[in-house]
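Per-entry structural report
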Amino acid sequence: MLKEGLAFPLAGDDALKRILFVGGLVLFSPLVVPAILWAGYMDRVMRAGVNRETVPPQFDDWRGLFDEGLRFFVFLFAVNAVVIGAHVAAVLSVLL
């Protein structure tokens, strides 16, 4: 399983192009749009892993990539808000 996971990014015909592009998205991820695109691509990569695909997803549908990334960000925000709220409530219950 580890071997397949390490070989996954290098699978396919345009592996170097894909790696450089994802690296650029990560490099510029402090900006909003690249961060959303990167989150959308990571969502697609996780889905590909769950479906046991052997080739990483392509960058073909930019609008879909942006939409998936935005949904992913909203999901992460909601999950983190619940976790942070629980921590704040725990700290306040100890302090008060």
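These numbers come from a predicted model, not from an experiment.

Describing the pattern of salt bridges
For the structure on display, the rule yields five salt bridges. One salt bridge in this structure joins R47 and D43, with 3.2 Å as the shortest N-O distance. A residue pair is termed a helical-turn pair when its members lie 3 or 4 positions apart in one helix, as R47 and D43 do in helix α3 (residues 32-50) at four residues. Owing to a relative accessible area of 48%, R47 belongs among the partly exposed residues under this scheme. Between R44 and E68 there is a salt bridge, with the nearest N and O atoms lying 3.2 Å from each other. Here R44 is found in helix α3, whereas its partner E68 is found in helix α4 (residues 62-95), with 24 residues between them in sequence. There is no split in this pair, since R44 and E68 are both buried. Members of the salt-bridge network, linked through shared partners, are R44, D60, D61 and E68.

Some details on the environment of M42
Among the secondary structure elements, M42 is positioned in helix α3. A sequence separation of 17 residues divides M42 from F59, and the C-alpha atoms of the two residues are 12 Å apart.

A look at a nonpolar patch on the surface
Together, I84, V88, V91, L92, L95 and L96 line one region of the surface with nonpolar side chains, adding up to about 640 Å² of accessible area. Tracing the backbone shows I84 in helix α4.

Topic: the side chain of D43
Owing to a relative accessible area of 11%, D43 belongs among the buried residues under this scheme. If we skip the residues at most four places from it in the chain, D43 touches E68 and F72.

Some thoughts on the packing of α3 against α4
Contact pair α3 / α4: the axes reach a minimum separation of 7 Å and the direction vectors enclose 90 degrees. In this view, α3 runs roughly perpendicular relative to α4, as classed from their interaxial angle. Where α3 approaches α4, its residues V33, A35, I36, L37, A39, G40, Y41, D43, R44 and M46 are matched on the opposing element by W62, G64, L65, F66, E68, G69, L70, F72 and F73. Here the residues of the contact of α3 with α4 sort into 13 nonpolar, three polar and three charged.

Considerations on the confidence of the model for the protein chain
Per-chain confidence: the protein chain averages 86 in pLDDT, with 98% of residues scoring 70 or above. For the protein chain, the element scoring lowest by mean pLDDT is helix α1 (residues 2-7), at 73; α4 scores highest, at 93.

Section: the nonpolar core
Formed by V22, L25, L37, Y41 and L65, the largest nonpolar core amounts to five residues. Secondary-structure elements contributing two or more residues to this core are α2 (15-27) and α3. Each residue touching L65, except ones within four places of it in the same chain, is listed here: I36, L37, G40, Y41, R44 and F59.

Reading the values: the criteria
Residues numbered from 1 in each chain as written. Predicted model: local features only at pLDDT ≥ 70, side-chain atom pairs only at ≥ 80, totals over all residues. Heavy atoms only, no water. Salt bridge = Lys/Arg side-chain N within 4 Å of Asp/Glu carboxyl O. Helix = DSSP H or I, 4+ residues; strand = E, 2+ residues; numbered from the N terminus. Buried < 20%, exposed > 50% of the residue type's maximum accessible area, 1.4 Å probe, protein only. Patch = residues over 30% accessible without salt bridge, like charges linked within 9 Å, V, L, I, M, F, W, Y side chains within 5 Å. Areas by Shrake-Rupley, 256 points an atom, 1.4 Å probe, with all protein chains shown as cover. Contact = heavy atoms within 4.5 Å. Axes fitted to C-alpha atoms, helices over the stretch in contact; angles between N-to-C directions. Parallel < 35°, antiparallel > 145°, perpendicular 65-115°, else oblique. Nonpolar A, V, L, I, M, F, W, Y, C, P; charged D, E, K, R; others polar. pLDDT = per-residue confidence, 0-100. Core = buried A, V, L, I, M, F, W, Y, C linked by side-chain atoms within 4.5 Å.

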